[in-house]
Amino acid sequence: MASEVFVRGMLFLFLTVVGIPGNATVIVAFLLLLYQEKRLLAADSILLHLACVNLLVVVVRALTETLASFRLADIFGDTGCKSVIFIYRATRGLSIWLTFLLSTYQCLSIAPPGSSWASVRALLGHYLAFVFLFLWVLNACMTTAAILFSFSTKNETSPIDNGINVQFCYLNFPSKLSRDANGAIQVGRDVVPMALMTLASLIILVFLYKHSQQVKGLRSSGGGGAGNSGAEQRAAKAVVALVTLYVVFYGADNGLWVYTLTVKKTMSSSLISDLRLFFGSLYAALSPLVIIASNRKVNSRLGCVAHEKSAVEKIKNLSSM
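Bear in mind that the values here come from a model prediction, so they are computed numbers and not experimental data. By convention here, each chain's residues receive numbers from 1 onward along its written sequence. For a predicted model such as this one, the threshold for reporting local features is a pLDDT of at least 70, and the threshold for listing and counting side-chain atom pairs is 80 or more; totals across whole chains, interfaces and linings nevertheless cover every residue. To get the side-chain values, take all heavy atoms of the structure and skip hydrogens and water.

*Asks:* Now, about the overall build of the protein chain: what can you tell me, with residues and values included?
*Replies:* Numbering of helices and strands starts at the N terminus; helices are DSSP runs of H or I of at least 4 residues and strands are runs of E of at least 2. A tally of regular secondary structure across the protein chain gives ten helices and three strands. Starting at the N terminus, the α and β elements of the protein chain follow one another as α-α-α-α-α-α-β-β-β-α-α-α-α. Here the protein chain holds 321 residues, and 46% of them are scored as buried. In this description, contact between two residues means that some pair of their heavy atoms is separated by no more than 4.5 Å. In the protein chain, 78% of the contacts between residues at least 6 apart in sequence involve partners at least 24 apart. Method for areas: the Shrake-Rupley scheme with a 1.4 Å probe, in which residue coverage is limited to the protein chains shown. Here the protein chain displays about 16100 Å² of accessible surface, and carbon together with sulfur accounts for 69% of that area. Partly exposed residues are those whose accessible area sits between 20% and 50% of the maximum for their type, while under 20% is buried and over 50% is exposed, using a 1.4 Å probe and protein chains only.

*Asks:* Hey, could you go over the UniProt feature "transmembrane region" (unreviewed entry) in the protein chain for me, with residue numbers and the actual values?
*Replies:* UniProt positions are given in the numbering used here, feature names are shortened, and annotations may be inferred rather than shown by experiment. Within the UniProt annotation, "transmembrane region" (unreviewed entry) is assigned to residues 12-34, 46-64, 94-111, 123-149, 191-209, 238-257 and 277-293. For residues 12-34, the end-to-end C-alpha separation is 32 Å, with 100% helix and 0% strand making up the annotated structure. For residues 191-209, the end-to-end C-alpha separation is 27 Å, with 100% helix and 0% strand making up the annotated structure.

*Asks:* Which residues make up the layout of surface pockets, and what values go with them?
*Replies:* As a volume, the second largest pocket reaches approximately 260 Å³. Grid points spaced at 1 Å and placed over the protein atoms alone form the basis of the search, with a cavity being a set where a 1.4 Å probe fits but cannot get out and a pocket an open set showing protein on both sides within 12 Å along at least five of seven lines. Lining residues have an atom within 4 Å of a point. Lining the second largest pocket we find Phe100, Thr104, Cys107, Leu108, Ile110, Ala111, Pro112, Trp117, Leu196, Leu199, Ala200 and Ile203. Within the residue set of the lining of the second largest pocket, elements represented by two or more residues are helix 3 (78-109) and helix 7 (176-220). Grid points are joined across faces, edges and corners, and a volume is the space filled by probe spheres set on the points.

*Asks:* I'd like a description of the side chain of Arg189, backed by residues and values.
*Replies:* Here Arg189 lies in helix 7. Polar contacts involving the side chain of Arg189 include one to the side chain of Thr143, which spans 3.3 Å. Ignoring anything within four residues of it in the chain, the contact list for Arg189 reads Arg89, Arg92, Gly93, Trp97, Asn139, Met142 and Thr143. Two N or O atoms form a polar contact when they lie within 3.5 Å of each other; inside protein one atom must be a possible hydrogen donor and the other a possible acceptor, and for residues adjacent in sequence the pair counts only when both atoms belong to side chains.

*Asks:* Which residues make up the environment of Leu41, and what values do they have?
*Replies:* One can find Leu41 in the loop between helix 1 (3-37) and helix 2 (42-69). As for Leu41 and Gly125, which are separated by 84 residues in sequence, their C-alpha atoms are 8.2 Å apart.

*Asks:* Break down the packing of helix 2 against helix 5 (residues 128-141) for me, with residues and values.
*Replies:* For the pair helix 2 and helix 5, interaxial distance at closest approach is 11 Å and the crossing angle is 25 degrees. By the angle class used here, helix 2 and helix 5 are roughly parallel. When the axes of helix 2 and helix 5 are compared, the crossing they make is right-handed. Contacts between helix 2 and helix 5 involve Ala42, Ser45, Ile46, His49, Val53 and Leu56 on the former and, on the latter, Leu128, Phe132 and Trp136. Considering only residue class, the contact of helix 2 with helix 5 consists of seven nonpolar, two polar and no charged. Lines fitted to C-alpha atoms define the axes, with helix axes restricted to the stretch in contact, and inter-axis angles between N-to-C directions lie between 0 and 180 degrees. Note that the term roughly parallel is reserved for angles under 35 degrees, roughly antiparallel for angles over 145, roughly perpendicular for angles of 65 to 115, and oblique for everything else. Each helix crossing is assigned a hand: it is left-handed if the near helix lies turned anticlockwise from the far helix by less than a right angle, otherwise right-handed if that turn is clockwise. Here the nonpolar group is Ala, Val, Leu, Ile, Met, Phe, Trp, Tyr, Cys and Pro; Asp, Glu, Lys and Arg are the charged ones; every other residue, Gly included, is treated as polar.

*Asks:* Give a detailed account of a nonpolar patch on the surface, specifying residues and quantitative values.
*Replies:* Note that patches include only residues with greater than 30% relative accessible area and no salt bridge, and the join distances are 9 Å for like charges and 5 Å for nonpolar side chains (Val, Leu, Ile, Met, Phe, Trp, Tyr). Only one rule defines a salt bridge in this text: a Lys or Arg side-chain nitrogen within 4 Å of an Asp or Glu carboxyl oxygen. On the surface, a cluster of nonpolar side chains totalling about 490 Å² of accessible area is made up of Phe6, Val7, Met10, Leu11, Leu13 and Val17. With respect to the element layout, Met10 can be found in helix 1. Residue class for Met10 comes out partly exposed when judged on its relative accessible area of 38%.

*Asks:* Lay out the pattern of salt bridges with the relevant residues and their values.
*Replies:* Two side chains bearing opposite charge may form a pair once their charged atoms approach each other closely. All told, the structure shown has five salt bridges when counted by the stated rule. Connected via shared salt-bridge partners are Arg8, Arg61 and Glu65.

*Asks:* So what's going on with unusual backbone geometry? Residues and values would help.
*Replies:* Of note in this structure, Lys38 is not a glycine but carries a positive phi near 65 degrees. As for its placement among the helices and strands, Lys38 is situated in the loop between helix 1 and helix 2.

*Asks:* Account for the packing of aromatic side chains, naming residues and giving values.
*Replies:* Note on aromatic pairs: the rings of Phe, Tyr and Trp (six-membered ring only in Trp) are paired at centre separations within 6.5 Å, and the planes decide the class, stacked below 30 degrees, edge-to-face beyond 60, tilted for the rest. Tallying each qualifying case throughout the model produces four aromatic pairs. When the ring of Phe6 is compared with that of Phe70, the centres are 6.1 Å apart and the planes differ by 80 degrees; the resulting orientation is edge-to-face. In this pair, Phe6 is assigned in helix 1 and Phe70 in the loop between helix 2 and helix 3, connecting sequence segments 64 residues apart. Sitting above the plane of the Tyr35 ring, Lys38 keeps its charged end 5.0 Å from the centroid. Whether a charge sits over a ring depends on NZ of Lys or CZ of Arg being within 6 Å of the ring centre and within 35 degrees of the ring normal. A cation over a ring is seen here: Arg61 above Tyr88, with NZ or CZ 5.3 Å from the ring centre.

Written out as structure tokens, the structure is:
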């Protein structure tokens, strides 16, 4: 096995080992919350949906790349390439838009009660299922090029001028115009929510700063702190952390994607595409760690599960004595 392929396999193995258990943990925690309380708040529903989508990203891309790199499974035939690239691109885009939706909802949550923005937040929460459906359809429609133009590298016999090398697959566009148009659509799909969620995060940071100044003023004058908004502040900080992760990782991903579009001929090495896939999947693998560390509902459910397991083990030990 070539050293480049080995390193590639180890990188995607890292994403698999971190991303699958992390996202599965978040999903189980929110399902337990749903079972116990019979409902989920809108923000919790978005986080659950985000964890499910991120799990798909890691399984479909990182796990398959790991298996193929170590030659544990033969996945990337023509049908495999079309399926993997389509599902990865659709779920990757959906992960981005769900993060934007989460930051927008959290930004609206700091609006004063009774304001028009608070009404928008209530409306968004009420029709959240339709928003999810719209985002699924939107990202699936914007990913049709993966089905039309992707094929396995096994069938490649001659150099192609308007293709993109992704190690086990090629994206072979019929013309430079179609390649550039598809690239522009992909970049636009990422940059628009990136700009909007960055704006939402700045608004949240300004609110948190003003709130901290108000609390300092109350303490210096002998008044009590505003304890009721503690949960909102923690949630807002977690959202800002998720958005920061997104901007860093997907910013690198899109920068490399733009570079690939400037290359006239298909690169013989898939290094740039490998780095793109790694950064594009890194958010899906690491974001559940932020959710686990910052979300008290997730922590409490995981604590309950751990406590129940320890209680069962104690009972078994006592019964065996």
